[in-house]
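What follows is each chain in one-letter form.
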Amino acid sequence: ADTFLSLQQRGAHNIDLVTPTQYAAQLTQAIPLARRRGLTIPIVYNCGGYERVETLRELEGLVDIYLPDMKYSDPKLAGILSAAPDYVEIAKAAIAEMYRQVGSAVIEDEIMQLGMIVRHLMLPGELDNTLGVLDWFSEAFPKGDVLFSLMSQYVPMGKAKTMPPYDRRITEDEYDAALSYLELLGIENGFTQDFSAATEEYIPDFSFEGL
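The notes below deal with the structure included here. (Residues numbered from 1 in each chain as written. Predicted model: local features only at pLDDT ≥ 70, side-chain atom pairs only at ≥ 80, totals over all residues. Heavy atoms only, no water.)

The helix and strand tally for the protein stands at seven helices and seven strands. Counting from the amino terminus, the protein carries its helices and strands in the arrangement α-β-α-β-α-β-α-α-β-β-α-β-α-β. Along the first, second and third principal axes, the C-alpha atoms of the protein reach 50 × 45 × 35 Å. Buried residues in the protein amount to 44% of all 211 residues. Just so you have it, the protein exposes about 11700 Å², and 51% of that area is on carbon and sulfur atoms. Of the charged side chains in the protein, 16 are positive and 32 negative, and the gap between their average positions amounts to 7 Å. (Helix = DSSP H or I, 4+ residues; strand = E, 2+ residues; numbered from the N terminus. Buried < 20%, exposed > 50% of the residue type's maximum accessible area, 1.4 Å probe, protein only. Areas by Shrake-Rupley, 256 points an atom, 1.4 Å probe, with all protein chains shown as cover. Lys, Arg positive; Asp, Glu negative; His and termini not counted. Charge placed at Lys NZ, Arg CZ, Asp CG, Glu CD.)

This is how it looks when you write it as structure tokens:
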């Protein structure tokens, strides 16, 4: 709670909780405490989409903005790359619960105050996976209620460097095809990236220096 209030005092637009599920129990206490002490900026729950609905229900009324990934539409691919063949069904249920809690996006002075942004990172050679995610998104939510972020920033790291086709970045043709399908489905609210976004600049320095 002290940290949240300190960030607000320093001019933060929101409290961005990144991969916070392991601290969910503590958050159910810290967020109300901070609000009683004057926290007014939105709480953002930034996660991979693979969440238990029961956990999310404990956070109802505490989170203002949900920022989940929808990584896969193909359970087989989810099993291969994330060892989670149930990812698709789990994430769909979780994201539906997030939407139930926060509803339509509310943006004031170009800053989001309430709602949800669903992110999807395109993977090389897996255009069908992306098109499946776009199909699901267009069917799951009323147009304009939820924002969608299509990301082109995949950079091969670790074992992926030895696993074709994941040893390369996505191609411009792949990204253009996804953008065309996005437009075809009428998904207008949200964000896309310049194709040049696929650089290591987005990858944190995990050297642990200074910690």
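There's more to say after this.
The angle between the axes and the distance between the axes are what describe a pair of packed helices. At their nearest, the axes of helix α6 (residues 127-140) and helix α7 (residues 172-184) sit 10 Å apart, and the two run at 20° to each other. Taken together, α6 and α7 sit at an angle that is classed as roughly parallel. Remark: the crossing between α6 and α7 carries right-handed chirality. Residues Leu-127, Thr-130, Leu-131, Leu-134 and Asp-135 of α6 touch α7, and the partners they reach there are Glu-174, Ala-177, Ala-178, Tyr-181 and Leu-182. (Axes fitted to C-alpha atoms, helices over the stretch in contact; angles between N-to-C directions. Parallel < 35°, antiparallel > 145°, perpendicular 65-115°, else oblique. Left-handed = near helix turned anticlockwise from the far one by under 90°. Contact = heavy atoms within 4.5 Å.)

A few words now on unusual backbone geometry. Residues Pro-164 and Pro-165 are joined by a peptide bond in cis, for which omega reads 0°. Relative to the elements of secondary structure, Pro-165 occurs in the loop between β6 (147-151) and α7. Positive phi, normally seen in glycine, also occurs at Thr-19, with a value near 45°. For Thr-19, the location among the structural elements is in the loop between β1 (15-18) and α2 (24-36). Despite not being glycine, Glu-110 has its phi angle at roughly 65°, a positive value. Within the secondary structure layout, Glu-110 lies in the loop between β4 (106-108) and β5 (111-121).

Shape is all these values report; function is a separate question.
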